[in-house]
Amino acid sequence: MRRTVIACAIWACVLPLGSQAVVLGNQQSQELVRRGMDLVTSGQLPQAREQFELAAKADPRASHPVGALALLYYIVSDAGSLDDKQRQAARKAAAETARQALALDAQDPLAQEVARRLAGGGVRPKYTPKGNAMELVVAGEQLFSKKEYAAALQKYEQAIAADPGYADAWLFAGDCYFVQRQWEPAAEHFRKATQIEPLHEQAWRYLADALQEQQKWPELELALGSAIGAHPDQLSAWQRMEHFQASHGVPLVALKLQPKAAGSIDAATGQVRVNIQPKPAGGEAEASTIDDAFWMALALGQASAAVAVQRGDKTVFQADLDAWNGAFLALDKMEAAKPDRLRDTAVTTLRSLAAKGALEPALLLLQYKEAYRPSLEAWKTAHPGGVRKFINTWHLMP
């Protein structure tokens, strides 16, 4: 049952509505993936792997079968029966397969989500459905995968009756309406899921898709802002916001920050650790000494801040924010003493935002990690509508 829960949470919720042909592949490949997912939900993982591998061969250009394999490896890695070595091997396979899928299509939603979770991205709090609601949802998923939408909807409605507080049952029922182009009841069900679980990013995103079909633009923007605010590290909502903004004349610019160094405290020894990223082969022969010095200053600041976090003096986010501000102060002094200037455009953008008092939301939204959750929720409470205001002011995405 644990495998089924993960498969439902990632598979059914992550796939894009309406534009799946972009990543799904040809008809034969899609059918093989569907069979594989039926096997996943029933716990027959070796057989599922075989179907996904056949699907990848049926359409080598499609990312979806490869993303499905990444999901399979991730599910295996989550099994409680594995020892540490086996778990690490499964996670390594999941990471590598996700990279392969993203090389085929950088927007493959399954691969994005597997990569995000492997990187420590947060997941929704576990919810244990009441009565037989989970069994009804699993039965509904199997019917849905066979395009038996009326029968699937009946199962989802029974699950809702068994547990009205089960947000995913509302979500999946809404999906039945959506695929049959019944936008209003689809939106009603997706909205109900968000009311039950306000941090349900997928429900907000599905709601946005239904609102888009109805051309309800203000409501659509609100839903996308809520999706991003729920989990800022999930790229699928950002990509929808990017499309929305571009269609309304103001496209978003991706920050694409690539950290060159990071600082921390060794948990065993308590000593400062600075990890410097190796420079790519064939890169600039002479990197800016200012850039190198900035990243070293930030890494040392992060290590120092980690000590404050260990003592309980600061939250993880406050420590990171202080480290960034301290590194920018050091950068000011370095540039005043030397004629060289910073070359990293992403850091330059963050520096400009810091000067305008917008570094806090920039880090929360563009560099989010789950340890920031308390600070993110506090910021959203203090700044209603702050996510959309940040996006509409600065036109940035991760």
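See above for the structure.
First things first, this report covers the structure right here in the doc. Since the structure is predicted, the reported quantities are computational estimates derived from the model, not experimental observations. (Residues numbered from 1 in each chain as written. Predicted model: local features only at pLDDT ≥ 70, side-chain atom pairs only at ≥ 80, totals over all residues. Heavy atoms only, no water.)

To continue, consider the overall build of the protein. In terms of helices and strands, the protein carries 20 helices and 4 strands. The C-alpha radius of gyration computed for the protein amounts to 23 Å, which stays within 12% of the reference 21 Å derived for 398 residues, consistent with globular compactness. Taken across its 398 residues, the protein has 48% of its residues classed as buried. A separation threshold of at least 6 residues defines the contact pool for the protein, and within that pool the share at least 24 residues apart is 66%. (Helix = DSSP H or I, 4+ residues; strand = E, 2+ residues; numbered from the N terminus. Rg over C-alpha atoms; globule rule 2.2 N^0.38 Å. Buried < 20%, exposed > 50% of the residue type's maximum accessible area, 1.4 Å probe, protein only. Contact = heavy atoms within 4.5 Å.)

In this section: the nonpolar core. F294, W324 and L350 are the most contacted members of the largest nonpolar core, which has 81 residues in total. Per element, the largest residue contribution to this core is 9 residues, and it comes from helix α10 (residues 167–179). Residues contacting W324, with those up to four places away along its chain left out, are L257, F294, W295, L298, L350, L359 and L363. Ranked by size, the runner-up nonpolar core spans 24 residues in total, among them A70, L71, Y74 and A98. (Core = buried A, V, L, I, M, F, W, Y, C linked by side-chain atoms within 4.5 Å.)

So, on to a nonpolar patch on the surface. A contiguous nonpolar surface patch, about 360 Å² in accessible area, is contributed by V272, I276, M296 and L300. Elements that contribute at least two residues to the nonpolar patch include exactly β3 (272–276) and α15 (289–311). By secondary structure assignment, the location of V272 is in strand β3. (Patch = residues over 30% accessible without salt bridge, like charges linked within 9 Å, V, L, I, M, F, W, Y side chains within 5 Å. Areas by Shrake-Rupley, 256 points an atom, 1.4 Å probe, with all protein chains shown as cover. Salt bridge = Lys/Arg side-chain N within 4 Å of Asp/Glu carboxyl O.)

Moving on, we come to the pairing of strand β2 (residues 261–265). Residues of β2 alternate between two faces, with A261, G263 and I265 buried on one and A262 and S264 left unburied on the opposite face. Where β2 and β3 come together, 5 bridges link them in antiparallel fashion. Its bridge partner being in β3, A261 is matched across the sheet by I276. (Pairing = 2+ DSSP bridges.)

A word on the environment of G263. Looking at the secondary structure, you find G263 in strand β2. C-alpha separation for the pair G263 and L298, spaced 35 residues apart in sequence, amounts to 7.6 Å. Sequence-distant contacts of G263, that is, excluding residues within four places in its chain, are made with R273, V274, A299, Q302 and A303.

Another aspect to go through is the pattern of salt bridges. Counted by the stated rule, this structure contains 22 salt bridges. The salt bridge involving D233 is made with R116; its shortest N-O contact spans 3.1 Å. Separated by 117 residues along the polypeptide, D233 in the loop between α13 (217–230) and α14 (235–247) and R116 in helix α7 (residues 109–118) bring together distant segments of the chain. The same class applies to D233 as to R116, namely buried. Across the pair R351 and D332 runs a salt bridge, and its minimum N-O distance is 2.7 Å. Here R351 is found in helix α17 (residues 345–355), whereas its partner D332 is found in helix α16 (residues 316–337), with 19 residues between them in sequence. Since its relative accessible area comes to 39%, D332 is described here as partly exposed.

Topologically, T345 is positioned in helix α17. Given the relative accessible area of 60%, T345 is considered exposed. Residues T345 and K256 lie 89 residues apart in sequence; the distance between their C-alpha atoms is 9.1 Å.

Right, let's get into α10. For α10, spanning 13 residues, the distance from its first C-alpha to its last is 19 Å, which sits close to the expected 18 Å at 1.5 Å a residue. For α10, the buried fraction is high: 12 of the 13 residues fall into the buried class. Burial in α10 covers these residues: A167, D168, A169, W170, L171, F172, A173, G174, D175, C176, Y177 and F178. Taken from the residues just after α10, R181 is the one with a positive phi, measuring 65°. (Expected span 1.5 Å × (residues − 1).)

The next point concerns the packing of aromatic side chains. The tally for this structure, following the rule as stated, stands at 12 aromatic pairs. With a centroid separation of 5.4 Å and an interplanar angle of 75°, the aromatic rings of F190 and Y206 are classed as edge-to-face. Here F190 is found in helix α11 (residues 183–196), whereas its partner Y206 is found in helix α12 (residues 201–213), with 16 residues between them in sequence. Judged by relative accessible area, F190 falls into the buried class, the value being 0%. Between F294 and W295, the ring centres sit 5.5 Å apart and the planes meet at 75°, which makes this aromatic pair edge-to-face. (Phe/Tyr/Trp six-rings, centres within 6.5 Å; stacked < 30°, edge-to-face > 60°.)

Moving on, we get to the packing of helix α6 (residues 84–104) against α7. In the contact formed by α6 and α7, the axes pass within 9 Å of each other and the chain directions differ by 140°. Taken together, the axes of α6 and α7 are oblique relative to one another. At the point where α6 passes α7, the crossing takes the left-handed sense. Counted together, R91, A94, A95, A98, A101 and L102 of α6 and A111, Q112, V114 and L118 of α7 form the full contact between these two elements. For the contact of α6 with α7, the residue count by class is 8 nonpolar, 1 polar and 1 charged. (Axes fitted to C-alpha atoms, helices over the stretch in contact; angles between N-to-C directions. Parallel < 35°, antiparallel > 145°, perpendicular 65-115°, else oblique. Left-handed = near helix turned anticlockwise from the far one by under 90°. Nonpolar A, V, L, I, M, F, W, Y, C, P; charged D, E, K, R; others polar.)

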